[in-house]
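Take a look at the letters that make up each chain.
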Amino acid sequence: MNIYNISIPRYSRRHNTIKMSIPTAKLKKPTLKVTPSSRAMNISTSGILRLNRSATYARSINASVSRKSFCLAADSKILEKSSVQTPKHTIQVLDENGKDVTPRPVYQPDPAAVQSKHSKIFASDTSGGTMSDFYSTTYQTTTNASFAGAFTRSLFGSGSVSIGSQSIMESMSEEIEDPSSKRDNSISLSDVQVKREEVKELIQEEMLDDMVDLYLVESDTLCLLDMPAISVSVDSMEAESVKERNSRYTELCKNRTGNDKYMGRSMQTFNGASKTKEVQSEAITMADAATIANNWDMYDSFCSAGQGEVDLSTDTDKASIAEMIHQNHGPTRTMERTMSVISSSTIVSSSSSRMEMEPFVVPSESKPDPELILQSEEFQQHLFVMERIILENIYQPKLAAYRQLPTLEDPDSMPKAVPMVVSRREESSLDEEGPPTPALERLWSFSCELTTGRNVSSMAWNKRNPDLLAVGYGQFAFKDQKPGLVCCWSLKNPSWPERIFTCQSGVTALDFSASSASMLAVGMHDGTIATYNVQSREKTPVIDSSDCVHKHTSPVWQVRWINHERALSGEDKGEALISVSADGRISKWFLRKGLDCIDLMKLKRTRNDRFKRQVGEKERKSEALISRQAPGLCFDFHPTDSNIYLAGTEEGHIHKCSCSYNEQFLETYQAHKGPLYRITWSPFCSDVFLSCSSDWTIQLWRQDLFTPVLGFMSTQRAVYDVMWSPKWATVFGAVNEGRMEIWDLGASILDPTIVNPASPGVKLTSLLFATETDCVLVGDSDGQVSVYQLKNFTAGEGTQVGTLEDIIGSTLASQL
Amino acid sequence: MAEVEETLKRIQTHEGVIGTIVVNAEGIPIRTTLDNSTTVQYAGLLHQLTMKARSTVRDIDPQNDLTFLRIRSKKHEIMVAPDKEYMLIVIQNPSE
């Protein structure tokens, strides 16, 4: 380790403090053993030992010498112990080889000049050798001012200074005294100052008794760092001079440019030598991790994380969806349907979307029991949807035709379609001769294994959902009575009904309510009237009239929900259920502590003078009537005036009645010779109504005429059902035992326009027009409800009310 | 339960239906009318497709979700009703 002797200004003090520690470090080196006696402390040379302390001084010198040898030993690793112990005047350092490696002093001051200065300092008669040694030591160690002594004293004060070194302390204090007066000297001598090593003397007996004077003085101020301020306060004394200097400098700068006195010159600075340093560390193990964050993944995490807070909003969402689901849960009969059948999947999908509303989670380890899956409600729902979709695939052309959509040929099934197309072309080629003849095309039929063999007695469309059909199955005749059946069919599933209700006796009448669209009133053969809620999955009726006192005792042949707009009293307002039964009563049912009814009319027998009937004659003869009342078979309320209604009896009479009078008929129309099976007002002409009966005729009446305007007869079969077309005023359909007929009065009043014979062995029993499309439903005695589409049926534009009236007028005119 | 069985039976007997498969979330068939290898193949392939379809739907709108998947091919139509716990697959040949 090299120690640089630096001639440095006063900052050396700082260095000295640092360097001071080095020797101590050296002292600690194991190779260099310093006996306590030879421990020395550096003392500034500004203080000089007294003469009488020459021994000490010499010791100190020796110590410094030994110190010097310490220093040298660092380089040469040799220490002559002898040199440590014994004081020498000349120092010689020999290395291993015996070479004289005595270092020569770096700085050779003028001994004379220095000596004069030091004369005061070194009062002792030291030999020149020692002086040189002294100097050498001086140069070998960094110098220090007097304060260093104090500093070193503080350094060593902890324990290194033995009591025996009081003398040193004394001397030091003396020395310290001096520097205060000789500050300048010390400053100038700083480069030649040397640290004195403290000599630890052996405590001698005689010295113990000496009086030791200790002087404590304030040491010099240590200035470790002096950074002069570059700005001066305006109020300070130097301000003026500083200002002046500043102004001079600015002037100088101004004058600098272009002045010959000043020249720009560049300098190169040395760059510090760089050194590379390498460090080795353990390898950092790295692992790759990747994930794909989908849009929905983030949404799910967000939802599940904020579940507590967001619960409220999601609950409302789920609640609203749950409401939607509830409405959809039934076979969507309360919903509006779009025209396209294909959209059924989207409609139902909104119901099944409830299940998928939960965030999509990777299935956990728990294995749900397969049976649980099969029994779950979602599975049922899915099955339901799947079945409908399958059927939609099968029935798609038919359903499209029903909806009056163009039927598209499946491009993948071209080969099969060819014969069909050919046949159609043949048909059309035949028709090309004249305008295409109206025809019926059978689309499909509602039937399933449950219904085969049952007689279709009545059909009714749901008032709100035009795709929902209720069909009642029950025998007309008194014999072969078996438990009746009501099936609610949806257009989307022609193979299996949506709802199946079994009733204790045959169903003879059906009607859907208009105000509460899910209420279905059923009239049965034993006189019971029941109402079912088709929205629920329950198989039992909501209410039954079997407990009612005034219930019908004979088959209920017709039920209707009638909306009384103009009512006499408050409680008559709203919708009421009216029924007509074979016991001769027309009753109005209402809910008051259970189902109860009041009689609107009792159909009395009227004497029939015009036509002779066996029964009538018998009655007149015997006067023993089975009943004073004529069995009512049908009725119909006026389309606009809900007070007026027509009732048809088994006698063949049509009675016009009013709700206000329940004793008397307003009018009686007598024309039919047999029981009237159906009376219906024309939906377009409010004066005109049709009636059909078992006497093979259909009669067209006008309200004010007591004889029918027109009568229609085509075959000698009883006409079971007749219905006006909801679309054309001149068109009505009729069904008799053997065939179904569509009459268009605008085309011909003598013959039906379209005739469709029934399958052999099957009797057609009921007819229903579809409200929005050109389709007709025909129920037969085999439990099938066939859907026919009217093709090429052009009854003219508009509803042809005028046409009908013209016909009537012309007929009347011709009769007169 | 009986209703479910009845409905399943009805579906299977509809016109053109080639096969009906119900698999659980792991792809183990619960009910099937096809042979095992075909069932497993259909279940595996359709499961992946359903996942992809669902991911697509939800990527567009995370509040949306897949309810039904229909694949119309030349020969027949495959209809998949996916769910968290199971998958209902029906293969139908509609133009028979």
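Residues numbered from 1 in each chain as written. Chains lettered and ligands numbered in written order. Predicted model: local features only at pLDDT ≥ 70, side-chain atom pairs only at ≥ 80, totals over all residues. Heavy atoms only, no water.

J.: Run through the overall build of chain A, naming residues and quoting values.
T.: Broken down by element type, chain A carries 18 helices and 28 strands. Among the 816 residues that make up chain A, the fraction classed as buried is 46%. Residue pairs in contact within chain A that sit at least 24 positions apart in sequence constitute 59% of those at least 6 positions apart. Here chain A has roughly 43,800 Å² of accessible surface; of this, 54% comes from carbon and sulfur atoms. (Helix = DSSP H or I, 4+ residues; strand = E, 2+ residues; numbered from the N terminus. Buried < 20%, exposed > 50% of the residue type's maximum accessible area, 1.4 Å probe, protein only. Contact = heavy atoms within 4.5 Å. Areas by Shrake-Rupley, 256 points an atom, 1.4 Å probe, with all protein chains shown as cover.)

J.: Let's hear about the interface of chain B and chain A: which residues, and what values?
T.: Facing 47 residues of chain B, the contacting portion of chain A comprises 43 residues. Here chain B packs against chain A, burying approximately 4,200 Å² in sum over the two surfaces, 61% of which is carbon and sulfur. The tally of links between chain B and chain A comes to 4 salt bridges. For the interface between chain B and chain A, the tally reads 14 residue pairs in polar contact (both at pLDDT 80 or more). At the level of elements, helix H1 (2-13), strand E1 (17-24), strand E2 (29-32), helix H2 (36-60), strand E3 (69-72), strand E4 (77-82) and strand E5 (86-92) of chain B are the ones that each hand at least two residues to the side of chain B that touches chain A. Here the element with the most residues in the side of chain B that touches chain A is H1 of chain B; it accounts for 7 residues. Its residues assigned to classes, the side of chain B that touches chain A shows 20 nonpolar, 9 polar and 18 charged. (Buried area = accessible area lost by both parts, 1.4 Å probe. Salt bridge = Lys/Arg side-chain N within 4 Å of Asp/Glu carboxyl O. Polar contact = N/O pair within 3.5 Å; in protein donor to acceptor, adjacent residues only side chain to side chain. Nonpolar A, V, L, I, M, F, W, Y, C, P; charged D, E, K, R; others polar.)

J.: Account for helix H10 (residues 239-256) of chain A, naming residues and giving values.
T.: An ideal rise of 1.5 Å per residue puts 26 Å on 18 residues; H10 of chain A measures up with 25 Å between its terminal C-alpha atoms. Glycine 258 of chain A, located one to two residues past H10 of chain A, shows a positive phi value of around 75°. (Expected span 1.5 Å × (residues − 1).)

J.: Would you mind going over the UniProt feature "repeat: WD" (unreviewed entry) in chain A in detail, with residue names and values included?
T.: UniProt tags residues 669-701 of chain A as "repeat: WD" (unreviewed entry). For residues 669-701 of chain A, the helix share is 0%, the strand share is 58%, and the end-to-end C-alpha distance is 9 Å. (UniProt positions renumbered as here; feature names shortened; annotations may be inferred.)

J.: Give me the lowdown on the sheet that holds strand E25 (residues 754-757) of chain A, citing residues and values where you can.
T.: Residue and element names in this part refer to chain A. Across the sheet, 4 strands lie side by side as E22-E23-E24-E25; this open sheet has antiparallel pairing. At either margin of the open sheet sits one strand with a lone partner, and together these are strand E22 (719-724) and E25. When strand polarity is set aside, the average angle formed by the axes of neighbouring strands in this sheet is 15°. Bridge count for strand E23 (residues 731-736) against strand E24 (residues 739-744) is 5 bridges, and the pairing is antiparallel. (Pairing = 2+ DSSP bridges. Axes fitted to C-alpha atoms, helices over the stretch in contact; angles between N-to-C directions.)

J.: Any chance you could break down the sheet that holds strand E15 (residues 644-649) of chain A for me, citing the residues and the numbers?
T.: Residue and element names in this part refer to chain A. The antiparallel open sheet is built from 4 strands, whose spatial order is E14-E15-E16-E17. Either end of the sheet is taken by a strand with one partner, and the two such strands are strand E14 (632-637) and strand E17 (667-670). Within the sheet, the average angular offset between the axes of one strand and its neighbour, ignoring direction, is 20°.

J.: Tell me about the pairing of E4 of chain B, and please be specific about residues and values.
T.: Residues and elements named next belong to chain B. Most of E4 is tucked away, with 6 of its 6 residues classed as buried. Side chains Glu77, Met79 and Ala81 project from E4 onto one buried face, and the interleaved Ile78, Val80 and Pro82 project onto a second face that is buried too. As defined by bridge partners, E3 adjoins E4 across 4 bridges and the pair is classed as antiparallel. Bridge pairing links arginine 72 to glutamate 77 in E4. Taking the residues between adjacent antiparallel strands as the criterion, E3 and E4 are bridged by 4 residues. Where E4 lies against E5, 6 bridges are found, and the strand directions are antiparallel. Following the sheet pairing, alanine 81 is matched in E5 by leucine 88.

J.: Give a description of the pairing of strand E16 (residues 653-658) of chain A that names residues and reports values.
T.: Residues and elements named next belong to chain A. Summarising burial for E16: 6 of the 6 residues are buried, a large majority. The alternating pattern of E16 places His653, His655 and Cys657 on one face and Ile654, Lys656 and Ser658 on the opposite face, and all of these are buried. Bridge count for E15 against E16 is 5 bridges, and the pairing is antiparallel. By the bridge assignment for E16, alanine 647 is matched with histidine 655. Here E15 folds back onto E16, and the loop between the two strands holds 3 residues, one of which, glycine 652, carries a positive phi near 105°.

J.: I'd like to hear about the confidence of the model for chain B, residue by residue, with values.
T.: Residue and element names in this part refer to chain B. Looking at chain B as a whole, the pLDDT averages 89, with 98% of positions reaching at least 70. Of all the helices and strands in chain B, H1 carries the lowest mean pLDDT, 86, while E3 carries the highest, 93. Interface confidence in the predicted complex, given as ipTM, is 0.87; pTM for the same model is 0.57. (pLDDT = per-residue confidence, 0-100.)

J.: Residues and numbers for the packing of helix H11 (residues 295-305) of chain A against H2 of chain B, please.
T.: Remark: H11 of chain A packs on H2 of chain B, axes separated minimally by 7 Å, with the N-to-C direction vectors making an angle of 70°. Relative to H2 of chain B, the element H11 of chain A is oriented roughly perpendicular. Mapping the contact onto sequence places Asn295, Trp296, Tyr299 and Asp300 of chain A in H11 of chain A and Ser55, Arg58 and Asp59 of chain B in H2 of chain B. Tallied by class, the residues present in the contact of H11 of chain A with H2 of chain B amount to 2 nonpolar, 2 polar and 3 charged. (Parallel < 35°, antiparallel > 145°, perpendicular 65-115°, else oblique.)

J.: Go over the packing of helix H15 (residues 377-402) of chain A against H1 of chain B, please, and point to the residues and values.
T.: Viewed as axis vectors pointing N to C, H15 of chain A and H1 of chain B meet at an angle of 25°, and their least axial separation amounts to 10 Å. Judged by the angle between their axes, H15 of chain A and H1 of chain B are roughly parallel. In terms of crossing hand, the pair formed by H15 of chain A and H1 of chain B is left-handed. Within the contact between the two elements, H15 of chain A uses Phe379, Gln380, Leu383, Met386, Glu387 and Ile390 of chain A and H1 of chain B uses Val4, Thr7, Leu8, Arg10 and Ile11 of chain B. In terms of residue class, the contact of H15 of chain A with H1 of chain B is made up of 7 nonpolar, 2 polar and 2 charged. (Left-handed = near helix turned anticlockwise from the far one by under 90°.)

J.: Tell me about H1 of chain B, and please be specific about residues and values.
T.: Its 12 residues give H1 of chain B an end-to-end C-alpha distance of 16 Å, which sits within 8% of 16 Å, the value for a rise of 1.5 Å per residue. Those residues of H1 of chain B that sit buried are Val4, Thr7, Leu8, Arg10 and Ile11 of chain B. Within H1 of chain B, the buried residues cover an arc of 160° as seen down the axis, which keeps them to one side. Opposite the buried face of H1 of chain B, at more than 90 degrees from it, the exposed residues are Ala2, Lys9 and Thr13 of chain B. Packing partners of the buried residues in H1 of chain B comprise helix H14 (370-375) and H15 of chain A together with E1, E2 and E5 of chain B. (Arc of directions from axis to C-beta.)

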